[in-house]
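# Breakdown of the fold
Given next are the chains, with one letter for each unit.
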Amino acid sequence: MRPAVEGSPAVLRVDAAIIGTGQAAPSLAVALAARGERVALFEGGEVGGSCVNVGCTPTKTLRKSARVAHLARRAGEFGVEVGEVRVNFAAAMQRAAGVVEASRTGLLSWISASAGVTLIREWGALSGRQEDRFVVQGARTTVLASRIYLNTGTRPSVPAVPGLDNIPFLTNESVMALGERPEHLLILGGSYIGLELGQIFRRLGSAVTVIEAGPAVARREDPDVSARIAALLAGEGVTLLTETTVEQVAQATSSSPAPALELQLRHVATGERRQLQGSHLLVATGRLPNTERLGLASVGVSLDERGFIPVNGRLETSVPRIWALGDVNRRGAFTHTSYQDHEIVLANLSGGSRTADSRVNTYAMFTDPPLGRVGLTEREARALMARGRRFLVATHEMKHVSRAKEESETIGVISVLVDADSEQFVGASLLGIGADEVVQVISAMMAAKAPYRVLKEALPIHPTVAEFFPTILGKLRPLA
């Protein structure tokens, strides 16, 4: 099959229609076509979803530019003499855009070369049924499909702050289109996106203030980890305002040389109010599912109270032959969970019994150094102790890791949790050099359901961060 001719109505009968091209969709489409199926792939925006276009690819590329600038400023610590470090912000942004373009072009070429896949560059929505097939309606193309896969992802959630609609605020999507460096970037939201971008822009030369309504930034993490992340960012000059809400946003009336915004802030505990000015405002307060335009009611697909699509472990929705993959199913808002969703679907279509119910929650926050997380936090483990569970815990400071000392990257800590009865790992939290990679040692052990003694007695490589797991596991003690 070939793409529908633009400008002329078309009706396609296919085995599978996929709406959205997030991380699960292209691989699923190509794999289904390789099985001999006819596949229609709808995308009204840029192919590749958030990860390729506005998420992982551009931000991690820009993160590298920011890290190089940071290391250049530290060059003297390593016996390297450099002159004044100057950041060419436009060049850094152009580099990120170039990597995005190359990734997107490669993805398009791969899809186009896959016989059996028709890429329809239109927004697709369900529009009832026709006999035993689902109807998917685009702007010009109608598809009749036996099966439907939804992979439409999420978008930034914008809070109802008075005045916000009247200013050109940024989101994690639009911030990647900036051509000039913000003089003072105000960030509303102190979770993962806000903290990652806050550090990046601070290292690129912007003044940065993060405003968080809760008692701490990265508050999903254990308090000790959250405090370390806050100290890391504050040490680099990022201003963190916690327990602070924004009551009003407006254009500033000052004579600042940069176009300025003015925020009216209120401290949650004391009620004290203050004003804060900045050149740009980035809103990073959460995500909303892209489901409202999908026509789900026309075929009876259920939504939860936030608009996400509930699915079972096989990623099936409330309607047979319709699946939801990726962020819209609320089973992990990550590129890696979305990609694994397509693997689960393919395995089960081939007669398997793979399920997302057994998936261990694994993720990273890509500050520098990064945070790597898998499984339970200590706070979650303590809550389970009230039901009779027993846990062992061990921690090890990064400043005592040889590799970290050798590279002058001693910020952070390693913490592991073990079930005292089964002796299997149940969680780990790593903040420090290579944490996003090293934490996967623990996630692999958890997937294998291997007792911790397997890792404790394994032969590690020196000098690495992972070599300290036997040492760390020798310090296990009951979690209090």
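Not measured: the values here are computed from a predicted model.

### Regarding the overall build of the chain
- Counting its regular elements, the chain contains 12 helices and 22 strands.
- A compact globule built from 480 residues should have a C-alpha radius of gyration of about 23 Å, and the chain, at 24 Å, falls within 12% of that.
- C-alpha atoms of the chain, sized along the principal axes, occupy 65 × 65 × 50 Å.
- Here the chain holds 480 residues, and the buried ones make up 51% of them.
- The contacts of the chain with a sequence gap of at least 6 include a subset with a gap of at least 24, amounting to 64%.
- Here the chain holds 51 positive side-chain charges and 48 negative ones, and the gap between their average locations is 3 Å.

### Focus on the sheet that holds strand β18 (residues 371-375)
- Reading across from one edge, β17-β18-β21-β20-β19-β22 is the order of the six strands in this open sheet, with antiparallel pairing throughout. Only two strands of the sheet have a single neighbouring strand rather than two, namely β17 (362-365) and β22 (477-478).
- Pairing geometry for strand β19 (residues 391-397) and β22, over two bridges, is antiparallel. Each bridged residue has a counterpart across the sheet, and for Leu392 the counterpart in β22 is Pro478.
- In the packing of helix α6 (residues 223-235) onto the sheet, the strands contacted are β17, β18, β19, β20 (413-419) and β21 (425-431), and the crossing angle to β21 comes to about 15°.
- Helix α10 (residues 435-448) rests against β17, β18, β20 and β21 of the sheet, and its axis sits at about 175° to β21.

### Describing the sheet that holds strand β11 (residues 244-251)
- Taken in spatial order, the three strands of this open sheet run β11-β12-β13, and their pairing is antiparallel. Every interior strand has two partners, whereas the edge strands, β11 and β13 (273-278), have only one. Each neighbouring strand pair of the sheet contributes to a mean axis angle of 25°, computed without reference to strand direction.
- In this structure, strand β12 (residues 261-267) lies alongside β13, joined through six bridges in antiparallel fashion. Counterpart to Leu263 in the pairing with β13 is Leu276.

### A few points about helix α4 (residues 89-112)
- Compared with the 34 Å implied by 1.5 Å per residue over 24 residues, the 35 Å span of α4 between its first and last C-alpha is a close match.
- For α4, the complete set of buried residues consists of Phe89, Ala92, Met93, Ala96, Val100, Arg104, Leu107 and Ile111.
- Structurally, α4 contributes buried residues whose contacts are with α1 (25-34), β2 (39-42), α2 (49-53), α3 (56-73), β3 (117-120) and α5 (192-203).

### Observations concerning the pattern of salt bridges
- Evaluated as defined, the whole model comprises 31 salt bridges.
- Linking Asp304 and Arg330 is a salt bridge whose minimum nitrogen-to-oxygen distance equals 2.7 Å. Within this pair, whereas Asp304 is found in the loop between β15 (287-289) and β16 (322-324), its partner Arg330 is found in the loop between β16 and α7 (335-349), the two being separated by 26 residues in sequence.
- We note a salt bridge from Arg359 to Asp341, for which the minimum N-O separation is 2.9 Å. Residue Arg359 is found in the loop between α7 and β17, and its partner Asp341 is found in helix α7; the two are separated by 18 residues along the sequence.
- You can call Asp341 buried: its relative accessible area is 1%.

### Focus on a nonpolar patch on the surface
- A cluster of nonpolar side chains, Phe78, Val80 and Val82, forms an exposed patch at the surface whose accessible area comes to about 250 Å².
- Residue position: Val80 is located in the loop between α3 and α4.

### Describing the environment of Phe425
- Looking at the element boundaries, Phe425 is found in strand β21.
- On the basis of relative accessible area, Phe425 is assigned to the buried category, the value being 5%.
- Excluding residues that lie within four positions of it along the chain, Phe425 makes contacts with Val416, Leu417, Val418, Ile442, Met445, Met446, Ala450, Tyr452, Leu455 and Leu473.

### Points about the side chain of Gln199
- You can see Gln199 is positioned in helix α5.
- Sequence-distant contacts of Gln199, that is, excluding residues within four places in its chain, are made with Leu232, Leu233, Glu236, Thr367 and Asp368.

Cut-offs and rules
- All residue numbers here refer to positions counted from 1 along the written sequence of the relevant chain.
- Confidence filtering applies because this is a predicted model: local features only for residues at pLDDT of at least 70, side-chain atom pairs given and counted only at 80 or more, and all residues used for totals across whole chains, interfaces and linings.
- Side-chain numbers come from the whole structure's heavy atoms, not from hydrogens or water.
- What counts as a helix is a DSSP run of H or I of at least four residues, what counts as a strand is a run of E of at least two, and both are numbered from the N terminus.
- Radius of gyration: over C-alpha atoms. The globule rule applied is 2.2 Å multiplied by the number of residues raised to the 0.38 power.
- Each residue's exposure class comes from its accessible area (1.4 Å probe, protein chains only) as a fraction of the maximum for that residue type: buried when under 20%, exposed when over 50%, partly exposed otherwise.
- Contacts are assigned to residue pairs that have any heavy atoms within 4.5 Å of one another.
- Residues scored as charged are limited to Lys and Arg (positive) and Asp and Glu (negative), so that His and the chain ends carry no count.
- A charged residue contributes its charge at one atom only: NZ of Lys, CZ of Arg, CG of Asp or CD of Glu.
- Whether two strands pair comes down to DSSP finding at least two bridges between them.
- Axis lines are fitted to C-alpha atoms, over the contacting stretch for helices. Their N-to-C directions set the angle, which ranges from 0 to 180 degrees.
- Expected span of a helix: the number of residues minus one, times 1.5 Å.
- Only one rule defines a salt bridge in this text: a Lys or Arg side-chain nitrogen within 4 Å of an Asp or Glu carboxyl oxygen.
- Patch definition: residues with relative accessible area over 30% and no salt bridge; like charges joined within 9 Å; nonpolar side chains (Val, Leu, Ile, Met, Phe, Trp, Tyr) joined within 5 Å.
- Surface exposure here means Shrake-Rupley accessible area, sampled with a 1.4 Å probe, where a residue is shielded only by the protein chains that are shown.

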